[in-house]
Structures are given as structure tokens and as C-alpha cells.
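# Summary of structural features
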Amino acid sequence: MSQTLKPETAEHLLEVLKWAVAEKSSLDVRGNGTKQGFGRPMRTTHTLDLSGLSGIKVYEPHELFMTAYSGTPVADIEAALRQNNQQMAFEPADLGPLLGMAEGTGTIGGVIACNLAGPRRIQAGAARDHFLGFNAVSGRGEVFKSGGTVVKNVTGFDLSKLIAGSFGTLAVMTEATFKVLPAAEKTRTVLALGLTDTRAMKAMSQALGSANDVSGAAHLPAAQAARSGVSYVSGAGQAVTAVRVEGPGPSVEHRCQAIRGLWADKGAQLEELHSQNSAALWKEIRDVRLLDAAEGKQVWRVSVPPMEGAGVGGELLGASGGEVFYDWGGGLIWLAHDGCPDANHDQVRAAVAKAGGHATLIRADADVRGLVPVFEPQPGPLGDITRRVKQGFDPEGVLNPGRMVEGV
Amino acid sequence: MTTKAAHINDDLIEALRGIVGDRLSLAEAVREQHGRDESYHDAFPPDVVVYPETTDEVSDIVKLCAARDVPVIPYGTGTSLEGHVAALKGGVCIDLMRLDRIISVNPEDMDVTVEAGVTRKKLNEDLRDTGLFFPIDPGADASIGGMTATRASGTNAVRYGTMRENVLAMTVVMADGRIIRTSRRARKSSAGYDLTRLFVGSEGTLGVITEITLRLYGIPEAVSSAVCSFPDLEAAIETVISTIHAGVPVARIELLDDVQMDAINKYSKMDFPVLPTLFFEFHGSKNGVVEQVETVEALATDVGASDFQWAVKQEDRNRLWQARHDSLYACMALKPGSKGMATDVCVPISRLAECILETRKDIEETGLLAPIVGHVGDGNFHVILLIDTEDKDDLEICKAFNERLVMRALAMDGTCTGEHGIGYGKMDFLVAEHGEAVSVMRAVKMALDPQNIMNPGKIVRV
Ligand SMILES: Cc1cc2nc3c(=O)[nH]c(=O)nc-3n(C[C@H](O)[C@H](O)[C@H](O)COP(=O)(O)OP(=O)(O)OC[C@H]3O[C@@H](n4cnc5c(N)ncnc54)[C@H](O)[C@@H]3O)c2cc1C
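The following refers to the structure shown. Just so you know, these numbers come straight off a predicted model, no measurement behind them.

A word on the packing of aromatic side chains. Taken as a whole and judged by the stated rule, the model has 15 aromatic pairs over all chains. An angle of 35° between the planes, with centres 5.2 Å apart, marks the rings of Phe308(B) and Trp310(B) as tilted. Looking at Arg121(A), its charged tip hangs above the ring of Trp328(A), at a distance of 4.9 Å from the centre. Lying over the aromatic face of Trp321(B), Arg252(B) brings its terminal NZ or CZ to 4.2 Å of the ring centre.

Take a look at the structure:
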């Protein structure tokens with residue numbers, strides 16, 4: 001009979017995993033379950049609920065790192081950081097609402113396992129770049145740790161990077177150590193109104209390539225901009241290209257000025273958002289709140305080289321009849337379209353392949369995710385390596401079997 | 001020891017010639033040079049050195065070796081420091097320096113794809129006209145392939161990160177000779193396990209890296225370097241810590257102790273005060289740099305620093321940083337005929353002062369001539385031990401010193417190696433530091449190289 005196992009300690013978790021290995025039972029590994037709709041649907045014997053492994057273990061703001069148990073809600077971590085004017089610089093996205101769950105309930109383990117990063121990714125890196133080390137139990141039922149609390153460390157294979165983005169298929173983390181950094185004193189956003197997608201990609205590239213240390217670059221076509229809760233953006237009545245600048249006050253003002261200068265010849269109206277409006281806009285972008293995500297809509301996340309963004313975006317629109325917006329300077333495209341049994345899989349993959357990118361089906365009903373590869377399929381040898389790595393960590397297929405690839 | 005080398009015979013050499021023609025060497029001097037890095041570790045020459053020019057040739061060579069169970073040792077510029085390139089079991093050394101093309105520069109996407117044998121300086125020379133640069137600068141002019149394989153970092157990791165953060169994708173010849181592309185130019189999100197990062201730092205033990213796509217950065221609008229001497233080590237480290245905590249995005253912050261400064265003065269013909277010293281570099285917009293400089297100068301003056309010397313002109317800056325990069329050679333010149341053993345611990349920066357001071361004391365008590373230099377912004381520092389390799393006692397004394405240093409760092413929650421890697425020199429420290437994780441690493445090695453032909457005897461024992 002299927003059970004939900006909810007260990008409260010690392011020792012208890014180890015026992016659970018040893019038992020599962022011995023019984024050859026498979027486990028659906030989850031934090032608070034906000035992302036259970038992300039990945040392929042699984043048929044597992046039991047559920048392993050990690051929300052009992054919760055709490056901040058070590059946080060000394062001066063050390064610029066935090067160690068937290070893997071089931072700790074991100075909201076708790078962010079609250080503790082805010083008190084010390086710090087943040088997780090990779091800006092973890094909260095995809096809960098997009099996936100039909102409550103806001104603010106995702107866990108740190110889930111963020112790392114799914115390698116979720118927000119708009120600041122282009123400047124500060126992904127979740128895995130901030131992930132310094134962990135304690136875990138492998139699918140063999142063995143405890144191990146990797147990395148540590150220092151930022152530079154070249155002790156053998158980089159297991160932290162392998163675990164980040166492995167969707168709980170290799171090992172179950174009990175605690176994670178990650179960098180925390182000072183939050184910026186001031187944030188501003190420069191907006192250009194009315195650029196076409198192609199011209200927007202150029203403008204963003206120009207800003208990103210300049211010395212102005214841009215920490216976010218997104219382009220919202222008119223219909224998506226209109227959904228924003230920030231009146232300057234929704235009221236623009238046209239497409240909005242946004243570039244974020246953060247840092248100490250005078251420097252931020254100077255850099256905004258410099259970006260306006262760079263964009264002066266674009267023939268576009270330029271605006272500026274101050275701290276609060278900036279925060280609101282980048283949160284909407286981060287959490288993908290600017291697409292029509294009504295029930296039944298399917299959502300893809302597409303990564304391409306940034307300068308291919310507009311071209312691929314156009315093709316995706318033509319093929320799916322949906323809507324898009326762009327983050328990461330054009331390198332990240334969010335696509336939503338009406339639900340259909342194949343999620344427009346072939347068209348999406350074809351458009352992305354030409355540009356040398358990859359696509360992930362983030363939201364669709366379980367039956368669709370069972371039929372359509374959710375992650376970018378891996379050709380021959382890459383697929384073999386994936387299988388062999390999985391085999392090395394989890395020979396019995398105990399942990400989230402088939403969540404990423406069928407049969408793995 | 002050389003069970004596998006037995007498979008090396010005329011027949012294999014002929015087959016290799018069939019792939020690379022006369023780009024192959026059996027000469028003793030060449031083999032000797034390829035079995036040795038720049039450290040004190042003993043050399044283990046490979047049986048043969050081949051110089052392929054394409055990924056396909058590398059693939060054919062590896063296929064041949066896999067079929068015959070012969071070890072394969074990838075080789076870049078041979079500047080690693082823990083016996084990484086030693087052919088412990090003989091075998092075929094693949095020298096990658098003829099894969100030296102810059103394949104494509106994409107200025108708008110700010111990335112570049114190069115072959116493994118391009119060196120970091122050559123890359124930056126080629127990029128000059130694009131307004132972009134690649135920041136990672138280990139002291140040696142290493143190959144991008146070698147830097148990727150050792151997960152190298154340099155003097156500006158605080159701002160730009162290490163190879164780990166800056167490799168976007170690569171082409172790898174796996175242990176069975178098949179060619180894979182680990183990801184694409186697009187920023188990786190979720191297309192399976194992160195094999196790119198797994199190969200970064202794999203020290204040639206998982207496959208041969210033949211092409212690498214790197215992230216580039218805009219050449220900053222303004223750059224300014226400074227040298228500042230401090231009354232003592234504590235004051236210098238205090239300044240480092242307060243700079244990092246103030247969130248100043250300093251590009252470089254390097255500590256050199258008085259012994260090191262003396263060595264640099266002599267070797268690079270400079271006349272810095274012989275005191276603990278910080279080298280700084282600031283990158284950004286004109287105003288941004290001025291702001292950073294003012295903040296740091298104030299922090300340094302607070303703890304008693306004297307005479308900030310500025311270098312704004314490019315040639316002055318280059319001279320300064322070349323002197324810093326040559327510090328290992330400067331040290332060796334203090335004791336002619338010696339070899340350098342560079343320790344490489346990294347500790348949380350709050351423990352850095354404590355760790356360096358205890359180490360300084362240990363140096364004095366042990367009676368060593370050992371300069372200290374470090375990328376202190378990330379808690380990483382090197383003690384350069386000058387070893388007379390002919391003198392066995394000397395080597396033992398230095399090894400014991402290093403062991404005490406590593407244990408001190410581990411007790412402070414640090415690591416035995418911040419950038420040089422494991423090679424065969426630090427395998428026991430890896431076990432001390434990571435325990436059970438080593439068996440997980442072994443599982444990874446077995447998954448990717450079940451025959452154990454890729455650079456055997458490094459990182460983990462199989
Ligand atoms: C003076 C001096 C200063 C240094 N300073 C620094 C520093 O500041 N930071 C730092 O990180 N390091 C430093 N180092 C160490 C060294 O420069 C780096 O480790 C460098 O990255 C090695 O590159 P290489 O091309 O010389 O590689 P090699 O020494 O040739 O090889 C190193 C390892 O990588 C493997 N390898 C090489 N090429 C490939 C490939 N294409 N595919 C797969 N495997 C490959 C080899 O098998 C070997 O295991 C310094 C060394 C010296 C001598």
C-alpha cells in the first residue's frame with residue numbers, strides 16, 4: 001500500500017532510504033510538492049515528503065553563506081535574509097502559482113533540485129552557481145556530502161553541480177549550503193517603449209555588453225506588458241523593453257543615464273521605474289505572471305542564444321498561436337498556448353533546434369507530460385551517460401524514477 | 001605498476017601513425033617533458049605523445065586506446081601542480097596544443113567557442129577588437145582546455161567567478177571515443193544532468209575536452225589598479241573582509257606578505273615597501289570605479305594602511321599584474337635550484353586571518369623560507385615552499401608542513417584545494433575532506449569511464 005513517509009531528521013531519512021532500497025520500492029521525492037506538476041508523471045510506490053526537514057541551520061550574515069535543511073520554505077529563508085539586508089542573488093523563481101499551487105510555499109531543496117533562477121541569472125548565475133555544498137543520501141542508501149562553505153573548491157568531481165537540476169533523481173539532500181549576498185541599496189529600471197522584438201534584442205544586448213552592470217533584461221510584447229500590475233508598464237499601450245540596474249544610489253543613477261544615452265537613437269520613448277515599481281515588475285517576470293495562464297493553457301520554457309530570441313519567438317507564435325515574453329536579454333522565452341494533446345511538441349522542438357537551444361514543457365496535464373518528452377531529448381551518447389550516471393547513484397531506481405527521462 | 005603499458009607495442013604505434021601521421025613522438029626528452037608538470041612531483045613519462053589537430057582525430061585515438069585498454073592522458077601546457085599529467089601507468093599522451101583555432105566569436109551573445117589548445121592570452125589578443133574579454137587568469141598562460149579540466153581560477157574570481165561559472169558548453173571525446181556536445185550555446189536550464197559542469201574540473205579522468213564555449217565580458221569602461229602596504233597581516237586581511245562585506249564589486253584583491261614582496265622586488269625589479277601588501281583592481285563605469293576606490297581607500301586607511309599607489313595607465317597596470325603572476329618564479333629565484341610546492345587551502349574569509357597567522361607561525365617554527373600570496377577575496381592563499389628536491393629531508397619537512405596546513409584549514413571548515421585540484425598529489429586529502437563522497441565520485445568515474453583508461457590514478461582510486 002502506498003504511504004507518505006515524512007522523516008524529521010537526517011538519520012530517519014537514511015533509514016527510510018535504506019528500507020526503500022532493500023524493498024526495491026520507488027519514491028516520489030518532494031519538498032512541499034509545489035513542483036509536482038513539473039517533470040514527467042511518475043508511478044511510484046511511496047511518497048517521500050521532505051517538509052519535515054525544515055529550518056535554517058547556520059546563518060551568520062558575515063560569512064555570506066547559509067546552511068538550511070532541504071525542506072525549508074524559501075519564504076522563510078528570504079525573510080531571514082531581508083532582516084540582514086541580504087539575498088540569494090540568483091533570484092529564485094516561485095513557479096507555484098504558475099503550476100496551480102499557492103504562492104511562497106516552495107522549498108530550498110526544490111529550488112536547487114530544479115535549478116530555478118530568475119532574471120538576475122544573466123548577471124549572477126543560476127541556482128547551481130550559488131550552491132556551495134550539501135549533505136545527502138544517495139539512491140544507494142549512503143550518506144555523503146560534497147562542497148562546503150568556501151566559494152572556491154576544486155576537490156574532485158563537482159557533485160553539487162550534478163545534483164543541482166537533477167530533479168531529485170540522484171540523491172535526496174538533507175541540507176544545502178548556498179551563498180548569500182548583500183542586497184542592492186537601490187534598484188532602477190530603464191524602459192524603452194514600442195520596440196519590435198528584434199530591435200529589443202539588439203537594445204538589450206547593447207545594454208548588457210556595456211559597462212553598466214545590468215542585472216535584468218526583459219522584453220514584453222504589448223499584450224503581456226498590459227497584464228503588469230505596474231501602471232507605467234500596463235499603461236504603455238505598446239511593447240516594453242526593461243533593463244534593471246542595481247547598486248549604490250549615485251552609481252545607479254549614473255548607469256541609468258548611460259543606458260538612456262545608449263538607447264537615445266532608438267526612436268523609442270524612454271521611462272524609468274524606481275525601487276518599488278522595479279521590484280514589482282521583476283517579480284512578475286521572474287514568476288511568469290505576465291502570460292495568460294488560465295486553466296488548460298500549456299507553458300513552455302525555451303532557452304536559446306539571446307540574439308536568436310526574436311526569431312525563435314516569432315516561429316513559436318506562428319506554430320502554436322500562443323503568446324510569449326522574453327527574459328535574459330532574449331535568451332529565455334516563455335511561451336503559453338491553448339492546451340492540445342501533443343503540446344505542439346514537434347513544432348516547438350523544431351524551432352528551438354534550429355537555433356541551438358532547448359525547450360522544457362513546464363506546464364501541461366499529466367497525460368500530456370506522459371506522452372511528450374518534458375525535457376529536451378538527449379541524442380545517443382548523451383542519453384547513455386545520463387543513464388549511466390543515474391545507475392551509479394541510484395541503481396535500483398528508487399528516487400523519482402522516470403521524472404526526467406522515461407525509464408531512467 | 002605498468003600492466004597496461006604492456007599493450008603499447010609497434011602495432012599500436014603504427015595504428016596511431018595511421019591517424020596522425022608523423023605528428024607523434026617517441027623521443028625520450030619529449031616524453032619526459034609530457035610526464036612532468038611545474039611542481040615538485042616526480043615525472044612519469046607516457047610511452048608516446050601524439051599531436052592531433054581535430055576532434056575527429058582525438059576520437060580515433062581514444063577509440064584505438066579503448067580497444068586496446070591503453071591509458072590516455074590529455075595534456076595542455078603542463079602547468080598544473082599536483083602531478084595531473086603524470087602517466088602513472090604509461091600510455092598515450094594527447095597533446096592538444098595543435099587544436100588551437102578560435103571557432104566563433106559571438107559578440108552580441110557575449111560568448112566564444114575555442115578549441116582546447118588556445119591559451120588564455122591568445123584568446124584575449126584575438127578578442128581585443130570586439131570590446132570583450134575573458135577574465136580568468138591563472139598565473140600561467142595555460143590552455144583553455146587545461147583550465148577547464150582543472151576548473152582553474154585566477155586573480156579576479158571575486159567578480160567574475162572561476163571556470164565553473166564561465167564554461168557554457170563543450171565538445172568532449174568520451175572514454176569510448178564517442179563525441180558529445182554537453183549542452184548548447186543557450187544558457188542551460190533543464191536538459192538533463194549538468195554534464196558540462198561535471199567535466200569542468202574532471203582533470204582528464206572522464207574524457208578529452210576538444211572545444212569549449214566560454215562566457216565573455218565587456219571590457220570595463222574604466223579600470224584602476226592600486227598597491228597598498230599595511231603595518232601587519234591582520235590589517236591587510238581586515239581590509240579584505242570589510243571590502244567584501246561592503247559589497248564593493250572589486251575585480252581583484254591579492255595579498256602578498258613581506259617575504260613575497262621582497263622576492264617580487266628582486267625578480268621583477270620593482271621597489272615596493274617590504275611589508276604585507278594588497279594589490280587591487282577595480283572595474284566598472286568611470287564613476288563606479290571612483291566610488292569603489294574611495295570606499296576601499298577609506299577602509300584601508302582606517303586600519304593604518306599607508307601610501308596607496310595608483311596605476312591607471314595600461315602599461316603600469318600590466319607591469320604590476322605581470323609581477324603578481326610571476327610570483328611563483330620570483331619565489332623560486334630566492335633559492336636557486338629549488339622547486340616550488342604551492343599549498344592551496346581555502347577557508348571562510350572570517351577565518352582567514354587566523355589561518356594565515358597560525359600558518360606564518362608554523363613557517364617560522366619550522367624554519368622555512370616560504371612566502372605567502374593569496375587570492376584572499378575568496379579565502380584562498382598559497383604558501384610557496386621552496387624545496388631542494390635532491391634533499392629528501394627537505395621534501396618530508398615540507399610535506400608535513402602542508403599536511404598540518406590542510407588539517408588546519410579543514411578544521412576551519414575550509415578545503416585542501418581552492419584551485420590547483422587533486423591530481424595524484426592530493427588524493428588522500430580528498431578522502432580526509434570528503435569521506436563517503438569519494439565513493440560517489442568513484443561511481444561517477446565508473447559510469448563514464450568503465451575501463452579506467454582516462455588519466456588513471458588521478459582524483460579517485462578505482
Ligand atoms: C606559475 C603558475 C601559476 C599558477 N596560478 C594558478 C592560478 O592562479 N589559479 C589556478 O587555478 N591555477 C594556477 N596554476 C595551475 C595551472 O596553471 C592550472 O591548473 C591550469 O589550468 C592548467 O592548464 P594546462 O593547460 O597547463 O593543463 P595541463 O597541466 O596540461 O593539464 C592539467 C590537467 O588537465 C587535463 N587536461 C588538459 N587538457 C585537457 C583537455 N583538453 N581535456 C581533458 N583534460 C585535459 C590533464 O590531463 C591534467 O589532468 C598555476 C601554475 C603555475 C605554474
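Here the narrative resumes.
A separate point is the sheet that holds strand 4 (residues 56-60) of chain A. Residue and element names in this part refer to chain A. If you walk across this open sheet you meet the 5 strands as 4-5-9-7-8, and the pairing is antiparallel. Each of the sheet's edge strands pairs with one partner strand only, and the pair in question is strand 4 and strand 8 (143-147). The mean angle between the axes of side-by-side strands here comes to 15°, regardless of whether they run parallel or antiparallel. Judged from the 7 bridges that link them, strand 7 (residues 131-138) and strand 9 (residues 171-179) form a sheet pairing that is antiparallel. Note that in strand 9 the partner of Gly-133 across the bridge is Thr-177. Of the strands in this sheet, strand 4, strand 5 (65-69) and strand 9 touch helix 2 (residues 74-83), which is tilted by about 20° from strand 4.

With that settled, consider the pattern of salt bridges. In the structure shown here, the tally under the stated rule is 55 salt bridges over all chains. The residue Asp378(B) makes a salt bridge to Lys152(A) at a minimum N-O spacing of 3.4 Å. Of this pair, Asp378(B) sits in the loop between strand 17 (372-375) and strand 18 (380-387) while Lys152(A) sits in the loop between strand 8 and helix 5 (159-163), which puts the two residues in different chains. Per residue, the accessibility class of Asp378(B) equals that of Lys152(A), and both read buried. Put simply, Glu165(B) and Arg164(B) hold a salt bridge, and the shortest N to O gap is 3.9 Å. Accessibility assignment for this pair places Glu165(B) and Arg164(B) in one class, buried.

Right, let's get into the sheet that holds strand 3 (residues 46-49) of chain A. Strand order in this open sheet of 3 strands is 1-3-2 (chain A), and the pairing throughout is parallel. This sheet does not close on itself; its edge strands, each paired only once, are strand 1 (4-5) and strand 2 (27-30) of chain A.

Here is what the cut-offs are and how they apply
- Residues numbered from 1 in each chain as written.
- Chains lettered and ligands numbered in written order.
- Predicted model: local features only at pLDDT ≥ 70, side-chain atom pairs only at ≥ 80, totals over all residues.
- Heavy atoms only, no water.
- Phe/Tyr/Trp six-rings, centres within 6.5 Å; stacked < 30°, edge-to-face > 60°.
- Lys NZ or Arg CZ within 6 Å of the ring centre and 35° of its normal.
- Pairing = 2+ DSSP bridges.
- Helix = DSSP H or I, 4+ residues; strand = E, 2+ residues; numbered from the N terminus.
- Axes fitted to C-alpha atoms, helices over the stretch in contact; angles between N-to-C directions.
- Contact = heavy atoms within 4.5 Å.
- Salt bridge = Lys/Arg side-chain N within 4 Å of Asp/Glu carboxyl O.
- Buried < 20%, exposed > 50% of the residue type's maximum accessible area, 1.4 Å probe, protein only.

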